[in-house]
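# Fold and contact review
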Amino acid sequence: MNRRDFLKFAGVLAFGIAAHQSVNLISQSRARDEKKSTKAWAMAISFSACARREGCRDCIDICHLIHNVPEFDNPKDGLRWIWASPYESVFADQTNPFNRGMLKNLSVLCLCNHCDNPPCVKVCPTKATWKREDGIVMMDYHRCIGCRYCMAACPYGARSFNWRDPRPFIKNINKDYPNRMKGVVEKCNFCEERLSQGLIPACVDICPEKALIFGDLNDPDSEVSKVLRARFSIQRRPYLATGPRVFYIF
Amino acid sequence: MIEKALKGGSRYWLWIGFLFVLIIVGFLSYLKQLAHGLGITGMGRDVSWGLYIANFTFFVGVAASAVVVVLPYYIHDYKRFKGITILGEFLAISAVIMTILFIFVDLGAPSRVLNIILYPSPSSLLFWDMVVLTGYLILNIIIGWWSLDAEDKEMEQPRWIRPLVYISIPWAISIHTVTAFIYSGLIARSFWHTALLAPRFLASAFASGPSLLIILSLIAKRWAGLEVERDAIKKVSVIIAYALAIHIFFVLVEIFTVFYGDMPAHTDHFRFLFLGVTGKRFLVPWAWGSVICALIAFITLLKNSDRLNEKPLVFACILTILSIWAEKGIGLVIAGFIPTPLDEIPRYYPTLFEVLICIGIYATGFLVLTVLYKIAASIRGKNRPFS
Amino acid sequence: MNPLILKERLKKRNSFMVKIIIGLICLLIILFSPVGYNVITGRTGYIPLLKTPQYQGDCVEGTIYMRKRHMEVLERWRNAYVRDGIKRYVSINGIYNISLTGTCLKCHSNKAEFCDRCHDYGGIKPGCWDCHHIPEIKAEK
């Protein structure tokens, strides 16, 4: 075979591979459209209920325990799936000089908002994060290449990166759930492993004040649907139109 | 043709040896990073992109700037750019290799890098960046190599190079536009979410890239006997002056838009960059240094626009490179993250290993550049002794 | 052409060829040295011995199939569980929970005496264990 023939062959081969991959891509997206939407998981967090117990960290502790989230001394290496921040930081766009006094020292729980229009999913170059039909923004730790583009894209600071091997820093390893390796991004997953067994997320379950309300927005009788219809709610940075599924009620 | 890079004097081999030492040090540091994780750098949860991505952004600009010499030479038949065009194309090759390396060392799980190709994600700008950078690298290698090869054999350039050149010109614009879109598409980071980012990137690229090209051309003239027309250098310095002017104008436009409206979400990043907050002013020297260097460089270029004084020109070029590296690299990337979405002010400074890895990648780029320029010099500078 | 010049060139080419052939032989010796080492020390017949102490019922698929293709099964499991939300696997031998730690390692619980035996022999380091846990080995009665 001379050089010209080889180049022709290589060109046809490359074209064939590209065509095959594009057909796969298109057929995959078609298959997804045909599936009907099932649930629409959402969470409502009550400021007043949570504030009743000052210094309580039950939800954070249980989440980080069962999901093997490590704890580091160095704050820059820190990982969190759920955490608390002051109201003025979380809702800087919804703070005015008059409500600032009332909300001083109010600690707000933050977690991944599992947005309707997630910017992190848009920017992931390998589809290691995607939005499931039931609304949960999922992570595939096997596919993540650790580029941290999703971390730059998240407007809520909900994503963390494993800057080093987490295993030595997990205080009590839960053998029923894997930990992550160094070099991948992780975040709250709405306890999808519990949801698949018919359980509610651990943070919702353990809260002693029932400050976290979880449920299916597609079900009008679910607790979260009822509470969001009855009470006024706000979201984090609503003007970004990411459509967060985590609501905050007073 | 590559055998031409294997013949050289003691100065040449000393330089190659020095580069290899730096590369080995960088490589060993990278092995340490692979073993320990990216925590060995200064990056953290809040500032999740640092020196690697800053350098990546800057060198994509350098790579794109080859179009400044390629376009006049090929499209407008500006024959005086003949000598400098090949140097620009080779600089582009070296710069693209550096950008690819900078992204690679920034990955947390680099063994999975092929996932970008196996599971393409067209909505992600990083995917498109890989596509355009790879394409640009291949284009420049083919164009540069074959046109030099033709020159070596004293033949005319093969005809099929012309369409490739015509493709490479908008392609060069696209690589830096896509890089800008990586940042400007993110609604989460108001410092980057501006339509002006892509034009800013191109303007600063056309100032910093050709500055580096001029410096390298003068070095190549002195040490490798590569002849570049004086007029070519003069014209390129004019282009740099205009690009720098447009870049400064764009920055002023940004500052007006942000500070006239006075929205904290936008002004906070600029305030942190130029004024800092108590205890955390680590970006302030970079920001003001960039401004001062740019202004001095611009004035120097203006004063020397009618003649070609080498010393002030080199001075202006160095200042331009430093200014834009500080502004587009460090300033842009770090200040985009500070303040965080939770209004925190974290600290970022690169660690020793981070810097060593960057130096290793710089050395790799210089190695590629040296080899390619040596080949060009041995073909063109046939009557001069090489160093 | 001048026959003397031809002879010179031929001599040069031949000595060049000899050097190449010697180099190639050296390369082959280096490449096959591990094989040679095994032949000399009589280890060519080594077969890894696997132990499954807590064997309960049938494996997910047949032994020969798993020996050849357990990596493919695990990869399919990984994609099914994580990306498609499929939590159970149906095979001829029954319905199983898709879980490395919870299903595979429930029986093959001694990683050192099972998984590692073949993996160490083949010089394979699967990355599964960075994240997935190895259950504690219960004391054999």
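Residues numbered from 1 in each chain as written. Chains lettered and ligands numbered in written order. Predicted model: local features only at pLDDT ≥ 70, side-chain atom pairs only at ≥ 80, totals over all residues.

## Points about the overall build of chain C
As a reminder, the rule being used: We count a stretch as a helix when DSSP gives it H or I for four or more residues in a row; a strand needs E for two or more, and each element gets its number in order from the N terminus. Throughout, the radius of gyration refers to the C-alpha atoms, and the reference size of a globule is 2.2 Å times the residue count to the power 0.38.
If you tally the helices and strands in chain C, you get 5 helices and 2 strands. Reading chain C from its N terminus to its C terminus gives the helix and strand order α-α-α-β-β-α-α. Taken over C-alpha atoms, the radius of gyration comes to 26 Å for chain C, far larger than the 14 Å a tight globule of 141 residues would show. Structurally, chain C occupies a C-alpha span of about 85 × 40 × 30 Å along its principal axes.

## Re the overall build of chain A
Spelled out, the test is: For the exposure call, what matters is how many other C-beta atoms sit within 10 Å of a residue's own: 20 or more marks it buried, 12 or fewer exposed, and in between partly exposed, using C-beta atoms placed from the backbone. Working definition of a contact: two residues with C-beta atoms, positioned from the backbone, lying within 7 Å.
Within chain A, the regular secondary structure consists of 10 helices and 10 strands. Projected onto its principal axes, the C-alpha coordinates of chain A cover approximately 80 × 45 × 40 Å. For chain A, buried positions account for 40% of its 250 residues. The contacts in chain A between residues at least 6 apart in sequence include a share of 65% that link residues at least 24 apart.

## Notes on the interface of chain A and chain B
Facing 40 residues of chain A, the contacting portion of chain B comprises 32 residues. For the side of chain A that touches chain B, the secondary-structure elements that each account for two or more residues are helix H1 (3-34), helix H4 (87-90), helix H6 (119-123), helix H7 (149-153) and strand S6 (160-161) of chain A. Tallying contributions element by element places H7 of chain A first for the side of chain A that touches chain B, with 4 residues.

## Quick notes on the arrangement of the chains
Of all 2 pairs of chains in contact, the one with the most contacts involves chains A and B. There is no contact between chain B and chain C; across them, the least C-alpha separation is 11 Å.

## Considering the domain arrangement of chain C
Quick reminder of the rule: Note that the domain bounds were set by an automatic or database domain assignment.
As far as domains go, chain C holds domain 1 (3-40) and domain 2 (63-130). In this structure, domain 1 of chain C and domain 2 of chain C have C-alpha centres spaced 47 Å apart.

## Examining the nonpolar core
Under the convention used in this document: In this usage, the nonpolar core is the set of buried Ala, Val, Leu, Ile, Met, Phe, Trp, Tyr and Cys residues whose C-beta atoms join them within 7 Å.
With 185 residues, the main nonpolar core has Leu212 of chain A together with Ala63, Leu87, Leu91, Tyr373 and Ala376 of chain B as its most contacted residues. If near-sequence neighbours (up to four positions away) are discounted, Ala376 of chain B is found in contact with Ile86, Leu87, Phe90, Leu148 and Leu226 of chain B.

## Quick word on the domain arrangement of chain A
How big an interface is tends to be stated in terms of accessible area lost as the parts join. Domain boundaries in chain A define domain 1 (1-30) and domain 2 (41-249). Between the C-alpha centres of domain 1 of chain A and domain 2 of chain A the distance comes to 42 Å.

## Points about the sheet that holds strand S9 (residues 233-234) of chain A
Residues and elements named next belong to chain A. Just so we agree on the cut-off: DSSP-based pairing: two strands are paired if at least 2 bridges between them are found. An axis is simply a line fitted to the C-alpha atoms; with a helix, the fit covers only the stretch in contact. Between two such axes, the angle follows the N-to-C directions and lies from 0 to 180 degrees.
Taken together, the 4 strands give an open sheet; going across it, the order is S8-S1-S10-S9, and neighbouring strands pair in mixed fashion. Looking along the sheet, the strands with just one partner apiece sit at the ends: strand S8 (212-216) and S9. Pairing geometry for strand S1 (residues 41-46) and S8, over 5 bridges, is antiparallel. Counterpart to Ala44 in the pairing with S8 is Ile213. Packed on one face of the sheet, helix H10 (residues 223-230) meets S1, S8, S9 and strand S10 (246-249) and runs near 115° to S8.

## A closer look at the packing of helix H8 (residues 197-224) of chain B against helix H12 (residues 310-337) of chain B
Residue and element names in this part refer to chain B. The criterion, for reference: Between 65 and 115 degrees an angle is taken as roughly perpendicular, under 35 as roughly parallel, over 145 as roughly antiparallel, and anywhere else as oblique. Left-handed describes a crossing whose near helix is turned anticlockwise from the far helix by less than a right angle; the clockwise case is right-handed. Basically, the charged four are Asp, Glu, Lys and Arg, the nonpolar ten are Ala, Val, Leu, Ile, Met, Phe, Trp, Tyr, Cys and Pro, and anything else, Gly included, counts as polar.
Where H8 meets H12, the closest approach of the two axes is 9 Å, and the angle between their N-to-C directions is 140°. One element, H8, and the other, H12, form an angle in the oblique class. The handedness of the crossing between H8 and H12 is left-handed. Across the interface between the two elements, Phe201, Ser204, Ala207, Ser208, Ser211, Leu212, Ile214, Ile215 and Leu218 from H8 touch Glu310, Leu313, Val314, Cys317, Ile318, Thr320, Ile321, Ile324, Glu327 and Lys328 from H12. Considered class by class, the residues forming the contact of H8 with H12 number 12 nonpolar, 4 polar and 3 charged.

## Comments concerning the interface of chain C and chain A
Taken together, the contact between chain C and chain A spans 11 residues of the former and 11 residues of the latter. With 3 residues, helix H3 (residues 63-83) of chain C is the largest single contributor of residues to the side of chain C that touches chain A. Here the side of chain C that touches chain A is built from residues that sort into 3 nonpolar, 4 polar and 4 charged.

## Digging into the pairing of strand S3 (residues 107-111) of chain A
All names here are of chain A. Taken across its 5 residues, S3 has 4 buried, putting it largely inside the fold. In terms of strand pairing, strand S2 (residues 82-86) meets S3 through 5 bridges, oriented antiparallel. Paired with Ile82 across the bridge in S3 is Leu111.

## With respect to the confidence of the model for chain C
Do not read the fine detail of predicted coordinates wherever pLDDT is low. All names here are of chain C. Stated precisely, the cut-off is as follows: One number per residue, pLDDT, summarises how confident the predictor is, and it ranges from 0 to 100.
Scored by pLDDT, chain C comes out at a mean of 87, with 94% of its residues at no less than 70. No element of chain C has a lower mean pLDDT than helix H4 (residues 100-107), which averages 88, and none a higher one than H3, which averages 92. Across the interfaces of the predicted complex, the ipTM metric reaches 0.93, alongside a pTM of 0.89.

## Observations regarding the environment of Ser121 of chain B
Within the fold, Ser121 of chain B resides in the loop between helix H5 (115-118) and helix H6 (125-152). In this structure the C-alpha to C-alpha distance between Ser121 of chain B and Ile100 of chain B, which are 21 residues apart in sequence, comes to 19 Å.

## Digging into the environment of Trp128 of chain B
In this fold, Trp128 of chain B is placed in helix H6. For the pair Trp128 of chain B and Lys234 of chain B, spaced 106 residues apart in the sequence, the C-alpha separation amounts to 35 Å.

## Section: the packing of helix H9 (residues 230-261) of chain B against helix H11 (residues 284-303) of chain B
Residue and element names in this part refer to chain B. Contact pair H9 / H11: the axes reach a minimum separation of 10 Å and the direction vectors enclose 140°. By the angle between their axes, H9 is oblique relative to H11. The way H9 lies across H11 gives a crossing that is left-handed. Here H9 contributes Ser237, Ile240, Ala241, Leu244, Ala245 and Ile248 to the contact with H11, which in turn contributes Ala294, Ala297, Phe298, Leu301 and Leu302. Split into classes, the residues belonging to the contact of H9 with H11 amount to 10 nonpolar, 1 polar and no charged.

## Some remarks on helix H2 (residues 51-64) of chain B
Every α-helical turn comprises 3.6 residues, leaving residues that sit three or four positions apart pointing alike. We count it as follows: To estimate the expected span of a helix, count its residues, drop one, and scale the result by 1.5 Å.
If you check H2 of chain B, its first and last C-alpha atoms are 20 Å apart, about what 14 residues at 1.5 Å a residue would give, namely 20 Å. With 14 of its 14 residues buried, H2 of chain B lies for the most part within the structure.

## A short note on unusual backbone geometry
It is generally the case that most residues other than glycine have a negative phi and that most peptide bonds are trans. With an omega of 0°, the peptide bond between Ile338 of chain B and Pro339 of chain B qualifies as cis. Positive phi outside glycine occurs at Asn68 of chain A, with the angle close to 55°. Tracing the backbone shows Asn68 of chain A in the loop between helix H3 (58-66) and S2. C-beta crowding within 10 Å serves as the criterion here: with 23 such atoms nearby, Asn68 of chain A is assigned to the buried category. Phi is positive for Arg237 of chain A, which is not a glycine, with a value near 45°. Here Arg237 of chain A is to be found in the loop between S9 and S10.

## With respect to the environment of Ala241 of chain A
Mapped onto the elements of the fold, Ala241 of chain A is located in the loop between S9 and S10. Note: C-alpha distance between Ala241 of chain A and Gly101 of chain A (140 residues apart in sequence) is 28 Å.

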